[in-house]
Amino acid sequence: MSSDLYGRTERLELSDQNLREFEAVVLDSTPDGIVLSRSAFYPGGGGQPADHGVLLWLGVETRIAGVRKGDDLYLIPAEGDPVPPVGTVVRAAVSDERRSALMRTHSGLHVLCGVVFRDYGSLVTGGNMEPFAARMDFNLPEVPPGFKEAVEDACNAEVSADRRIDIRVLPRKEAFDIPDIIRTATNLVPEEVEEVRIVDIVGLDTQADGGTHVGSTAQIGRIKVTKIESKGKGFRRLRIAISD
Ligand SMILES: [Zn+2]
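What you see is a predicted model; the values in this text were computed from it and never measured. (Residues numbered from 1 in each chain as written. Predicted model: local features only at pLDDT ≥ 70, side-chain atom pairs only at ≥ 80, totals over all residues. Heavy atoms only, no water.)

*Asks:* Run through the overall build of the chain, naming residues and quoting values.
*Replies:* Of the regular secondary structure elements, the chain holds 3 helices and 16 strands. Its C-alpha atoms give the chain a radius of gyration of 19 Å, near enough to 18 Å, the size a compact globule of 244 residues would have. Seen through its C-alpha atoms, the chain measures out along the principal axes to roughly 60 × 40 × 35 Å. The proportion of buried residues among the 244 residues of the chain is 48%. Looking at the chain as shown, the accessible area adds up to about 11400 Å², and 52% of this sits on carbon and sulfur atoms. A distance of 5 Å separates the average location of the 29 positive side-chain charges in the chain from that of its 38 negative side-chain charges. (Helix = DSSP H or I, 4+ residues; strand = E, 2+ residues; numbered from the N terminus. Rg over C-alpha atoms; globule rule 2.2 N^0.38 Å. Buried < 20%, exposed > 50% of the residue type's maximum accessible area, 1.4 Å probe, protein only. Areas by Shrake-Rupley, 256 points an atom, 1.4 Å probe, with all protein chains shown as cover. Lys, Arg positive; Asp, Glu negative; His and termini not counted. Charge placed at Lys NZ, Arg CZ, Asp CG, Glu CD.)

*Asks:* Lay out the packing of aromatic side chains in plain terms, naming residues and giving numbers.
*Replies:* Summed over all chains, the structure comprises 2 aromatic pairs. Pairing F22 with F41 gives two aromatic rings, centres 6.1 Å apart and planes at 80°, and the pair type is edge-to-face. Of the two residues, F22 is situated in strand β3 (residues 21-30) and F41 in the loop between β5 (38-39) and β6 (53-57); the sequence distance between them amounts to 19 residues. Each member of the pair, F22 as well as F41, carries the same accessibility label: buried. Ring geometry for Y120 versus F147: centroids 4.8 Å apart, planes at 75°, classification edge-to-face. (Phe/Tyr/Trp six-rings, centres within 6.5 Å; stacked < 30°, edge-to-face > 60°.)

*Asks:* Go over the sheet that holds strand β2 (residues 9-11) with me, naming the residues and quoting the values.
*Replies:* In spatial order, the strands read β1-β2-β5; together these 3 strands make up an open sheet with mixed pairing. Each edge of the sheet is formed by a strand with only one pairing partner; in this case those strands are β1 (5-6) and β5. (Pairing = 2+ DSSP bridges.)

*Asks:* Got a sec to walk through the sheet that holds strand β13 (residues 195-201)? Specific residues and values, please.
*Replies:* If you trace the 3 strands from one edge of the open sheet to the other, you get β12-β13-β14, paired in antiparallel fashion. In the strand order of this sheet, the two ends are held by β12 (165-171) and β14 (205-208), each with one partner. Strand-to-strand, the axes of this sheet are offset by a mean angle of 25°, without reference to chain direction. In this sheet, β14 lies alongside β13 in antiparallel orientation, the contact comprising 4 bridges. Paired with I198 across the two strands is A208, which belongs to β14. On top of the sheet, helix α1 (residues 96-120) reaches β12, β13 and β14; it is set at about 115° to β14, its chief contact. (Axes fitted to C-alpha atoms, helices over the stretch in contact; angles between N-to-C directions. Contact = heavy atoms within 4.5 Å.)

*Asks:* A description of the environment of V26 should follow, citing residues and the corresponding values.
*Replies:* One can find V26 in strand β3. V26 gets classed as buried once you look at its relative accessible area, which sits at 1%. Residues V26 and S37 lie 11 residues apart in sequence; the distance between their C-alpha atoms is 6.4 Å. Each residue touching V26, except ones within four places of it in the same chain, is listed here: I34, V35, L36, P84, P85, V86, G87, T88 and V90.

*Asks:* Give me the lowdown on the nonpolar core, citing residues and values where you can.
*Replies:* Core analysis: the largest hydrophobic core is formed by 30 residues, its most contacted members being V111, L112, V151, I223 and I240. Elements represented by at least two residues in this core include exactly α1, β10 (123-130), β11 (133-139), α2 (147-160), β13, β15 (222-230) and β16 (235-243). Ignoring sequence-local partners within four residues, the contact set of V111 consists of C155, E158, I201, L204, T217, I220 and I223. (Core = buried A, V, L, I, M, F, W, Y, C linked by side-chain atoms within 4.5 Å.)

The following block contains the structure:
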């Protein structure tokens, strides 16, 4: 699948979000970055930060502290760690604790986005996340009384409803025929992209999105709206925390 290729690296996490261990061949290697033939490390994007993890080769461990997107996908080794030579077959492991937390948090943000659009008609203008904490910016001129509690209750009702979260890849034209896709204005897909990955919280929220998500809303856990900030005319920033 050409759409799952970044530079020379086949991106395994796009089609299997639960994959944490894999084998690959080293295509390029410097202390600034390691390029693998295939990788399940999420490289960062759409507000979701990059994965961490390790590469194991010939009895040596290289810790991976991040990912850099250039002409290729570069796994960034921890400072001072030895790097595997080109041609080495490495066994790689993505940190499950960090990734699983980010999947729950990212899906939680989509629930928030779906709820605020459905109940208040507000469009998302930006967002960002760390494990178990996230923010999302909305265009919302008025904050009605009881807004914070109402949004939090509605989000947790969607978690309890345990809605399926489906991933599918559609041709560009077909994807943009889905009426809701265009509403995440910050998620504009570049012209040259012919296939669009869709994250669908069935019955609540459908977005073009390259991130990793849990399989259903119950896996998110509890969503707490921790803060609402006014950042200017009609610009509200909602902060959420995710817990068990
Ligand atoms: Zn997203």
